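Per-entry structural report
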Amino acid sequence: IGFDPHGATTAHGTIQLRAELFDPSRHLKELEPDLIITRHVLEHLINPLGFLQQISFTACCLGIKPLAYFEVPCIDRAIESGRTVDFYYEHSSQFTTDSFTRMLANCAAEIMEIGHGYDGEVVFGFLRLGDRPIQVRHAREAQIFLQGAQEALQTIRAQLLELYSQHKRIAVWGGTGKSAAFMQRYGMDATRFPIVVDDDINKVDTYVPGTGQRIRFRDWLLENPVDVIIIPPQWRAADIAAAMARAGITADTVLIEHRLRLTDFYNEDHPYKTR
């Protein structure tokens, strides 16, 4: 079975040619090949490593371990002898023996052989794919995080909307960095959520990037108390709570983001109560 987007679609005996690009995520599942061969293709790709990693990752997910043979032009001699004609427009990627070997090492379960042909003008690798479970584990962790982040987006926006609809006075502690990212992500515009304070005097009377709230010094809350204080940088929550206590700043509720929702800092379980 051969793939070439500029070729002809035909079948002759045991030979099948497909006029299409090889898509690892689709065709590996369909064909479950025992051997994958690509000769003088990778040098035409802008991101050959990414293409090989996609093949390797898909094989891992499917639980197959095909052999693979990859062959590309080798520029060892071009560099040694000062040749420049090797670096022409059709080749988006170039390979020395070392760089080719490192590329394969990033996607192979086992490199069986690295060799040269045509008097050193090409370099090839014979390897086995699959059997890299750490790739699958990382991908699953990333997918779980993505799903959780999407769930949190809806949950926390709903919590904020509920607080706003209850006419709670809400302050966000921190006006840049993670706090600004929090306000951007969860749609805390300056009209509905205008109060932002910070304990860094250098940020006072500047504005939150993107959402535009004026940043006030934390002591502003002494004369303008609020019902709810949200602390986006959880790792600083214990320090900020202690600073609030020293300054005499109080609120009915202090919230942090934890486990895909806004969590009560004082009354619910989380790992940020002490550092």
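Reference entry: report on the structure contained in this document.

This part is about unusual backbone geometry. At His167, a position not held by glycine, the phi torsion is positive, near 60°. On the secondary structure map, His167 appears in the loop between helix 5 (133-165) and strand 8 (170-173). Take His167: its relative accessible area is 70%, and that puts it in the exposed class. Non-glycine residue Asp205 carries a positive phi angle of around 70°. Secondary-structure assignment places Asp205 in the loop between strand 9 (195-198) and strand 10 (215-217).

What follows covers the sheet that holds strand 1 (residues 2-3). A sheet is described by the order of its strands in space; here 3 strands give the open sequence 1-3-2, paired in mixed fashion. The sheet terminates laterally at strand 1 and strand 2 (10-12), the two strands that pair on one side only.

So, on to the packing of aromatic side chains. A full pass over the atoms with the stated rule returns 7 aromatic pairs. Seen from their ring centres, Tyr164 and Phe193 are 6.0 Å apart, and the 50° between their planes marks the pair as tilted. Residue Tyr164 is found in helix 5, and its partner Phe193 is found in the loop between helix 6 (177-185) and strand 9; the two are separated by 29 residues along the sequence. Judged by relative accessible area, which is 37%, Tyr164 ranks as partly exposed. Given a relative accessible area of 3%, Phe193 falls into the buried group.

Time to look at the environment of Ala108. Position of Ala108 relative to the elements: it lies in the loop between helix 4 (97-105) and strand 6 (110-117). By relative accessible area, which is 8% here, Ala108 ends up buried. Each C-alpha atom of the pair Ala108 and Asp205 lies 55 Å from the other, and the pair is 97 residues apart in sequence. If we ignore the near neighbours within four places in the chain, the residues touching Ala108 are Leu127, Arg128, Leu129 and Arg132.

Cut-offs used in this document
Residues numbered from 1 in each chain as written. Predicted model: local features only at pLDDT ≥ 70, side-chain atom pairs only at ≥ 80, totals over all residues. Heavy atoms only, no water. Helix = DSSP H or I, 4+ residues; strand = E, 2+ residues; numbered from the N terminus. Buried < 20%, exposed > 50% of the residue type's maximum accessible area, 1.4 Å probe, protein only. Pairing = 2+ DSSP bridges. Phe/Tyr/Trp six-rings, centres within 6.5 Å; stacked < 30°, edge-to-face > 60°. Contact = heavy atoms within 4.5 Å.

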